[in-house]
Amino acid sequence: MEDGTFRSLGDCGDTDADYDVLQWDTREDCEVRQILDRIADKWSLLVIALLDRRSLRFTELRRMIDGISQRMLARTLRHLERDGLVSRTVHPTVPPRVDYELTALGTTLHKTIRALVTWTETHQNEIATARAAYDQRAAAEQARAEREAAERDAIAREVLAGRR
């Protein structure tokens, strides 16, 4: 294989060697980027977290996820099923009953998501402190910029008044 050639169209390089986030972000057809985009959206994360406990019906998921539309939930479930993270079982009843559950692959992803949630819970106070400090700095910078603009406007008015 030629230097710089990927093994397959979706192979975006070796992410273990010298980790470089840009190596998988530079190509539009990079599967790593596509998968990260899919699993990192807020609806997918919630669906995966809820299905970790037990299988759920569509209507149960919709009731449990505040703010999700029927269309978005259907789309999210379809994508997760396509990626092999969720399985869909249709029961031959009237009306049809459809259950969704995590696959073994989806369960391994949930462990990773759980670690992220745990990290967030552990560091939420530090993040809140950093946000408050940032907001305070940003407000002070905005106030200073507004004062400077007002001073420039006043000087400009004085100059224009002196010319008349």
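Here the structure is a predicted model, which means the values were calculated and not measured. (Residues numbered from 1 in each chain as written. Predicted model: local features only at pLDDT ≥ 70, side-chain atom pairs only at ≥ 80, totals over all residues. Heavy atoms only, no water.)

Participant: Looking at this model, I keep getting lost on the sheet that holds strand β3 (residues 97-102). Mind explaining?
Facilitator: Sheets are built from strands paired through backbone hydrogen bonds, the pairs being either parallel or antiparallel. Taken in spatial order, the three strands line up as β1-β3-β2 in an open sheet, and their pairing is antiparallel. Among the strands making up the open sheet, the edge pair consists of β1 (56-57) and β2 (86-91). Pairing of β1 with β3, which is carried by two bridges, proceeds in the antiparallel orientation. The residue of β3 that forms the bridge with Arg57 is Asp99. (Pairing = 2+ DSSP bridges. Helix = DSSP H or I, 4+ residues; strand = E, 2+ residues; numbered from the N terminus.)

Participant: What's the story with the pattern of salt bridges in this structure? I'm lost.
Facilitator: Pairs may arise between side chains of opposite charge once their charged atoms sit close together. Here the structure, examined in full by the defined rule, presents four salt bridges. Between Arg38 and Asp83 there is a salt bridge, and its shortest N-O distance comes to 3.0 Å. One end of the pair, Arg38, is in helix α2 (residues 31-39); the other, Asp83, is in the loop between α5 (70-82) and β2, and 45 residues separate them in sequence. Owing to a relative accessible area of 19%, Arg38 belongs among the buried residues under this scheme. For Arg54, the salt bridge identified is with Glu60, shortest N-O distance 3.7 Å. (Salt bridge = Lys/Arg side-chain N within 4 Å of Asp/Glu carboxyl O. Buried < 20%, exposed > 50% of the residue type's maximum accessible area, 1.4 Å probe, protein only.)

Participant: Is there a simple way to explain the layout of surface pockets in this structure?
Facilitator: Using a probe with the size of a water molecule, rolled over the atoms, empty space left in the structure can be pinpointed. What the largest pocket holds in volume is close to 320 Å³. Along its surface, the largest pocket is lined by 13 residues, and Leu45, Ala49, His110, Ile113 and Val117 are the ones closest to its centre. Broken down by secondary-structure element, the contributors of at least two residues to the lining of the largest pocket are α3 (42-51) and α6 (104-163). It is α6 that contributes the most residues to the lining of the largest pocket, six residues altogether. The residue makeup of the lining of the largest pocket, split by class, is seven nonpolar, two polar and four charged. (1 Å grid on protein atoms, 1.4 Å probe; cavity = no way out; pocket = protein on both sides within 12 Å on 5 of 7 lines; lining within 4 Å. Points joined across faces, edges and corners; volume = space filled by probe spheres on them. Nonpolar A, V, L, I, M, F, W, Y, C, P; charged D, E, K, R; others polar.)

Participant: Quick question: what am I supposed to make of unusual backbone geometry here?
Facilitator: Where the residue is not glycine, phi is negative for most of them; where a peptide bond is considered, it is trans in most cases. The residue after Val94, namely Pro95, is reached through a cis peptide bond having omega -5 degrees. Looking at the element boundaries, Pro95 is found in the loop between β2 and β3.

Participant: Sorry, what's going on with the packing of α3 against α5 here?
Facilitator: Axes are the key here: two packed helices are described by the angle between their axes and the distance separating the axes. Where α3 meets α5, the closest approach of the two axes is 10 Å, and the angle between their N-to-C directions is 70 degrees. Taken as axis vectors, α3 and α5 run roughly perpendicular relative to one another. Touching Trp43, Ser44, Val47 and Ile48 of α3 are Met72, Leu73, Thr76, Leu77 and Leu80, all from α5. Split by residue class, the contact of α3 with α5 holds seven nonpolar, two polar and no charged. (Axes fitted to C-alpha atoms, helices over the stretch in contact; angles between N-to-C directions. Parallel < 35°, antiparallel > 145°, perpendicular 65-115°, else oblique. Contact = heavy atoms within 4.5 Å.)

Participant: Please clarify how the side chain of Asp99 should be interpreted in this entry.
Facilitator: Tracing the chain through its elements places Asp99 in strand β3. When neighbours within four sequence positions are excluded, Asp99 is seen to be in contact with Leu56, Arg57, Ser87, Arg88, Thr89 and His91.

Participant: Looking at this model, I keep getting lost on the nonpolar core. Mind explaining?
Facilitator: For soluble globular proteins, the rule of thumb is that nonpolar side chains tend to be buried together. By size, the foremost hydrophobic cluster in this structure holds 21 residues, and its most contacted members are Leu51, Leu61, Leu73, Leu77 and Tyr100. Secondary-structure elements contributing two or more residues to this core are α3, α4 (58-64), α5, β3 and α6. The element contributing the most residues to this core is α3, with five residues. Beyond its immediate sequence surroundings of up to four residues, Leu73 is in contact with Val47, Phe58, Leu61, Arg62, Ile65 and Ile68. (Core = buried A, V, L, I, M, F, W, Y, C linked by side-chain atoms within 4.5 Å.)

Participant: Can you walk me through the environment of Ala104 in this structure?
Facilitator: Note on placement: Ala104 falls in helix α6. For Ala104, a relative accessible area of 64% corresponds to the exposed category. With 17 residues separating them in the primary sequence, Ala104 and Ser87 have C-alpha atoms 9.8 Å apart.

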